[in-house]
Amino acid sequence: MYSVILIPTDGSELSGKAVAHGVELAQKIGARVVLLNVTLPFQIFSAEAAMIEDTPSDYAARASELAEKVLDAAAALAKAAGVAYETIQVENDRPYEAIIETASQKGCDLIIMSSHGRRGISALLLGSETSKVLTHCAIPVLVHR
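None of these values were measured; they are calculated from a predicted model.

Rules behind the numbers
- Residues numbered from 1 in each chain as written.
- Predicted model: local features only at pLDDT ≥ 70, side-chain atom pairs only at ≥ 80, totals over all residues.
- Heavy atoms only, no water.
- Core = buried A, V, L, I, M, F, W, Y, C linked by side-chain atoms within 4.5 Å.
- Buried < 20%, exposed > 50% of the residue type's maximum accessible area, 1.4 Å probe, protein only.
- Helix = DSSP H or I, 4+ residues; strand = E, 2+ residues; numbered from the N terminus.
- Contact = heavy atoms within 4.5 Å.
- Salt bridge = Lys/Arg side-chain N within 4 Å of Asp/Glu carboxyl O.

What to know about the nonpolar core
Now for step 1: Within the largest apolar cluster, 15 residues are counted, with the highest numbers of intra-cluster contacts made by Ile5, Ile7, Val33 and Leu35.
Now for step 2: The set of elements that each furnish at least two residues to this core consists of β1 (4-8), α1 (13-29), β2 (32-39), α3 (56-81) and β4 (110-114).
Now for step 3: Broken down by element, the residue count for this core peaks at 4 residues, all from α3.
Now for step 4: In contact with Leu35, other than residues within four places in its own chain, are Ile7, Val19, Leu71, Ala74, Ala75, Tyr85, Glu86, Thr87 and Ile88.

Overview of the pattern of salt bridges
Now for step 1: Throughout the structure, instances matching the rule amount to 5 salt bridges.
Now for step 2: For Glu24, the salt bridge goes to Lys28, with nearest N and O atoms at 3.1 Å. Residue Glu24 and its partner Lys28 are located together in helix α1, separated by 4 residues, close to a single helical turn.
Now for step 3: Across the pair Glu86 and Arg32 runs a salt bridge, and its minimum N-O distance is 3.7 Å. In this pair, Glu86 sits in strand β3 (residues 85-91) while Arg32 sits in strand β2, placing the two residues 54 residues apart along the sequence.
Now for step 4: According to the relative accessible area criterion, Arg32 is partly exposed, its value standing at 31%.
Now for step 5: Three or more residues are tied together by salt bridges with common partners; here these are Arg32, Glu86 and Lys106.

This is the structure we're talking about:
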């Protein structure tokens with residue numbers, strides 16, 4: 001049914017649950033997984049403390065280190081389950097675009113990702129990367145909560 005599953009992860013507890021679910025599904029159906037972490041590029045004007053306090057090179061090093069930790073944890077789950085995997089770290093200021101582009105480039109036929117469950121006004125104002133992927137992607141998306 002599915003042979004290549006993209007699982008984006010940001011290292012949060014919720015995305016960790018989506019990774020675990022995606023790896024378990026891949027194991028059961030004999031699929032391989034592509035584990036993706038998208039980091040935001042350094043912005044001069046930002047509300048994110050790390051970008052205000054760091055130099056661009058310090059921020060890049062910290063973001064790369066965090067991405068490596070997140071992907072290593074996801075890869076450990078896949079390896080323990082005996083699932084073939086690949087890890088990818090991408091920088092993009094629109095994570096949903098990076099998710100869709102990576103899925104297309106890697107020939108993924110399913111995306112499994114978490115939803116942070118925003119509701120009401122915060123969902124309207126902030127949106128979510130998951131809802132943007134759902135809106136703009138032609139590939140099936142399984143949303144894990």
